[in-house]
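Reading the structure
Spelled out, the chains give:
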Amino acid sequence: MLNYANAGAAAYGKYEKAGKMPKGAVLAKSSFLANAKGQVSAGPLFLMEKMAGGFNRDSHDWRYTMVMPDGKVFGTTNGTGSAAVTFCYECHNSVAAEQDALLFLPEDVRVK
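Notes on the structure follow. (Residues numbered from 1 in each chain as written. Predicted model: local features only at pLDDT ≥ 70, side-chain atom pairs only at ≥ 80, totals over all residues. Heavy atoms only, no water.)

Comments concerning the nonpolar core
Of all hydrophobic cores here, the largest spans 18 residues; its most connected members are Tyr12, Met21, Leu27, Met48, Trp62, Tyr64 and Leu102. Elements with a minimum of two residues in this core: strand S6 (62-67) and helix H1 (86-92). Tallying contributions element by element places S6 first for this core, with 3 residues. With sequence-adjacent residues up to four places away left out, Met48 is seen in contact with Ala25, Val26, Leu27, Trp62, Arg63, Tyr64, His92, Ala101 and Leu102. (Core = buried A, V, L, I, M, F, W, Y, C linked by side-chain atoms within 4.5 Å. Buried < 20%, exposed > 50% of the residue type's maximum accessible area, 1.4 Å probe, protein only. Helix = DSSP H or I, 4+ residues; strand = E, 2+ residues; numbered from the N terminus. Contact = heavy atoms within 4.5 Å.)

Considerations on the state of the cysteines
Tallied over the entire structure, the rule returns 0 disulfides. Note on Cys88: no disulfide assigned, nearest cysteine sulfur contributed by Cys91 at a separation of 8.6 Å. (Disulfide = S-S within 2.5 Å.)

Some thoughts on the pairing of strand S2 (residues 26-29)
Bridge count between strand S1 (residues 3-5) and S2: 3 bridges; the pairing is antiparallel. When the sheet's bridge partners are listed, Asn3 is paired in S2 with Lys29. Judged from the 4 bridges that link them, S2 and strand S5 (residues 45-50) form a sheet pairing that is antiparallel. Across the sheet, Val26 pairs through a bridge with Glu49, a residue of S5. (Pairing = 2+ DSSP bridges.)

A look at the packing of aromatic side chains
With the rule as written, the count across this model stands at 3 aromatic pairs. Between Tyr12 and Phe104 the ring centres are 5.2 Å apart and the planes differ by 35°, which places this aromatic pair in the tilted class. Here the residue Tyr12 occupies a position in the loop between S1 and S2, and Phe104 occupies one in the segment after helix H2 (96-99), the gap between them amounting to 92 residues. Judged by relative accessible area, Phe104 falls into the buried class, the value being 17%. (Phe/Tyr/Trp six-rings, centres within 6.5 Å; stacked < 30°, edge-to-face > 60°.)

See the structure below:
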């Protein structure tokens, strides 16, 4: 799993010291799936985009999108399949007050 940030989200690399992200900050996280036989395949792509204030109070103005390996959008906050991605912000909200809903890799696997 890899995390990517656009220029607007460059502070993400500061981890817990990143502060609040500006409107237009985009984070992307790739994923993979492994079955019981040890076979690995591509998993969903997860996206977070900081939207303008008032976009969605419940998600702290983050738009979450999940794209399946076949390119189909599973869901996007305030869009098609919105209810299917509420689990994203429900989890991210656990650190919303301290970290602007940003979750980080464990320290032992971070790029320094």
